[in-house]
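Each chain is listed here by its residues.
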Amino acid sequence: MTADRLTILHVYPRQMGVSGDRGNVVALTRRADAADLPTEVVEYAPGDMLPTAADVVVIGNGPLSAMRSLGADVERVAGPLRDFAAAGVPVVALGGGFDLATNEVVPTEGAPVTGFGVFDARAVRGAERRVNYFVLETRYPLLPGAAKRLAGFEDHATRIELGAGVSPFADVVSGGGNQAGSPVEGAIVRNSFGTHTQGPLLPLNPALTDAVLAAATTRVGRDYAPDPQRTADIDRYAREARATVDRYVDKAFKRIA
């Protein structure tokens with residue numbers, strides 16, 4: 001945090017931002033503003049100088065073709081991004097961004113794509129495709145009293161193979177998840193998490209947004225105190241949207257199957 005301002009680093013917003021991923025960044029900035037916490041968003045593009053400090057890192061969704069095109073740059077900045085995560089900076093990796101944040105992406109054809117290695121895992125393409133609503137019980141530490149159920153959207157055909165000792169991001173209530181033999185989804189390392197949940201995820205789940213901001217501020221010795229009066233409207237919209245997902249998810253999956 002520089003001069004009491006929370007720095008949010010948005011990595012590859014053009015290449016890895018095909019699912020409304022800026023919405024996740026906006027959710028962080030708006031939620032922080034409601035807690036009187038100033039923010040600065042820094043967008044990182046291939047070839048740029050990666051900032052030496054950040055308080056939150058966001059990597060959004062994108063296709064395999066984008067990952068291949070970013071190959072050399074990914075290898076160049078992988079070390080610093082791993083260092084951020086190791087230092088407790090929350091790295092939020094979503095959709096294809098989660099795949100890219102693993103050790104490697106293994107396609108059905110062609111050579112594997114080297115990832116950032118933030119998560120000790122492999123993303124193996126060619127699994128059963130899941131395209132529908134997604135309901136989870138997160139294992140990510142939320143603020144006291146916050147409900148752990150999350151909702152979003154799942155659209156991928158990837159099996160996530162977690163390394164030994166890596167904790168999943170959530171338990172699957174409805175959806176495909178990591179599709180690796182147990183009903184879990186995503187990965188957690190320290191304050192960072194990766195998941196195939198889209199939607200975008202953070203606007204739909206304010207409790208998770210609060211948890212990311214709390215992790216970021218606690219790391220630098222500050223408190224994060226969301227004001228429920230200032231967030232009442234957006235909390236209500238998100239709650240109603242999650243209720244709609246819960247109401248239709250079973251019917252929707254039966255229709256897709």
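Whatever comes next refers back to the structure up there.
No experiment lies behind these values; they were computed from the predicted model shown.

The rules we used
- Residues numbered from 1 in each chain as written.
- Predicted model: local features only at pLDDT ≥ 70, side-chain atom pairs only at ≥ 80, totals over all residues.
- Heavy atoms only, no water.
- Helix = DSSP H or I, 4+ residues; strand = E, 2+ residues; numbered from the N terminus.
- Buried < 20%, exposed > 50% of the residue type's maximum accessible area, 1.4 Å probe, protein only.
- Polar contact = N/O pair within 3.5 Å; in protein donor to acceptor, adjacent residues only side chain to side chain.
- Axes fitted to C-alpha atoms, helices over the stretch in contact; angles between N-to-C directions.
- Parallel < 35°, antiparallel > 145°, perpendicular 65-115°, else oblique.
- Contact = heavy atoms within 4.5 Å.
- Nonpolar A, V, L, I, M, F, W, Y, C, P; charged D, E, K, R; others polar.
- Pairing = 2+ DSSP bridges.
- Salt bridge = Lys/Arg side-chain N within 4 Å of Asp/Glu carboxyl O.
- Expected span 1.5 Å × (residues − 1).

Undergrad: Explanation requested: the side chain of Thr217 in the structure shown.
TA: Along the chain, Thr217 turns up in helix H6 (residues 206–219). For Thr217, a relative accessible area of 0% translates into the label buried. At 3.2 Å, the side chain of Thr217 forms a polar contact with the backbone oxygen of Ala214.

Undergrad: I keep staring at the packing of helix H1 (residues 22–34) against H6 and nothing clicks. Help me out?
TA: The description of two helices packed together rests on the angle between their axes and the distance between the axes. Look at H1 against H6: their axes get within 10 Å of each other, and the N-to-C directions meet at 75 degrees. With respect to H6, the element H1 is oriented roughly perpendicular. Counted together, Ala27, Leu28, Arg31 and Ala32 of H1 and Pro206, Thr209, Asp210, Val212 and Leu213 of H6 form the full contact between these two elements. Its residues assigned to classes, the contact of H1 with H6 comprises 6 nonpolar, 1 polar and 2 charged.

Undergrad: Hey, could you run me through the sheet that holds strand E2 (residues 39–44) in this one?
TA: The pairing of strands in a sheet happens through backbone hydrogen bonds and is either parallel or antiparallel. Strands sit in the order E2-E1-E3-E4-E12-E11 across an open sheet of 6 strands; the sheet is mixed. For this open sheet the edge positions go to E2 and strand E11 (187–189), each flanked by a neighbour on one side alone. The mean angle between the axes of side-by-side strands here comes to 15 degrees, regardless of whether they run parallel or antiparallel. Relative to strand E12 (residues 192–195), strand E4 (residues 91–94) is paired through 3 bridges, and the arrangement is parallel. Bridge pairing in E12 places Val92 opposite Phe193. Lying on the sheet, helix H3 (residues 71–86) is in contact with strand E1 (6–11), E2, strand E3 (56–59), E4 and E12; it crosses E2 at an angle near 150 degrees.

Undergrad: How should I be thinking about the pattern of salt bridges in this particular structure?
TA: Two side chains carrying opposite charge are able to pair once their charged atoms lie near each other. Tallied over the entire structure, the rule returns 16 salt bridges. The closest approach of N and O atoms between Arg230 and Asp36, which form a salt bridge, is 3.0 Å. With a gap of 194 residues between them, Arg230 in the loop between H6 and helix H7 (232–256) and Asp36 in the loop between H1 and E2 connect regions that are remote in the sequence. Classification of Arg230 by relative accessible area gives partly exposed; the value is 44%. Using a relative accessible area of 56% as the deciding quantity, one classes Asp36 as exposed. The partner of Asp155 in a salt bridge is Arg129, and the shortest N-O contact between them spans 2.9 Å. Of the two residues, Asp155 sits in strand E8 (residues 149–162) while Arg129 sits in strand E7 (residues 121–138), which places them 26 residues apart along the sequence.

Undergrad: Whenever I open this one, the pairing of E3 confuses me. Can you help?
TA: Regular strands have side chains that alternate between both faces of the sheet. Alternating residues of E3 divide into Val56 and Val58 and Val57 and Ile59, and every residue in both groups is buried. Note: E1 against E3, 4 bridges, orientation parallel. Among the inter-strand pairings, Val11 is bridged to a residue of E3, identified as Ile59. One ladder, built from 3 bridges, connects E3 with E4; its direction is parallel.

Undergrad: Would you mind going over H6 with me for this structure?
TA: In an α-helix, one turn spans 3.6 residues; hence positions three or four apart end up facing the same way. Helix length check: H6, at 14 residues, gives a terminal C-alpha distance of 20 Å against a target of 20 Å (1.5 Å per residue), a fit within 8%. Most of H6 is tucked away: 11 of the 14 residues are buried. Looking at H6, one finds that the buried residues are Pro206, Leu208, Thr209, Asp210, Ala211, Val212, Leu213, Ala214, Ala215, Ala216 and Thr217. Downstream of H6 by one or two residues, Gly221 has phi in the positive range, about 80 degrees.

Undergrad: Even after reading the chapter, I still don't get unusual backbone geometry, so can you show me in this structure?
TA: Comment: phi is negative for the bulk of residues other than glycine, and the bulk of peptide bonds are trans. The backbone phi angle of Asp36 is positive, close to 60 degrees, even though this residue is not glycine. Residue Arg190 is not a glycine yet carries a positive backbone phi of 50 degrees. Note on placement: Arg190 falls in the loop between E11 and E12.

Undergrad: For this particular structure, what's the right way to read the environment of Phe193?
TA: Following the sequence through the fold, Phe193 ends up in strand E12. For Phe193, a relative accessible area of 0% translates into the label buried. Spatially, the C-alpha atoms of Phe193 and Arg125 are 20 Å apart, while their sequence positions differ by 68 residues. In this structure Phe193 touches Val91, Val92, Ala93, Leu94, Phe119, Tyr140, Phe169, Ala187, Ile188, Leu201, Leu208 and Val212, once residues within four positions along its chain are discounted.

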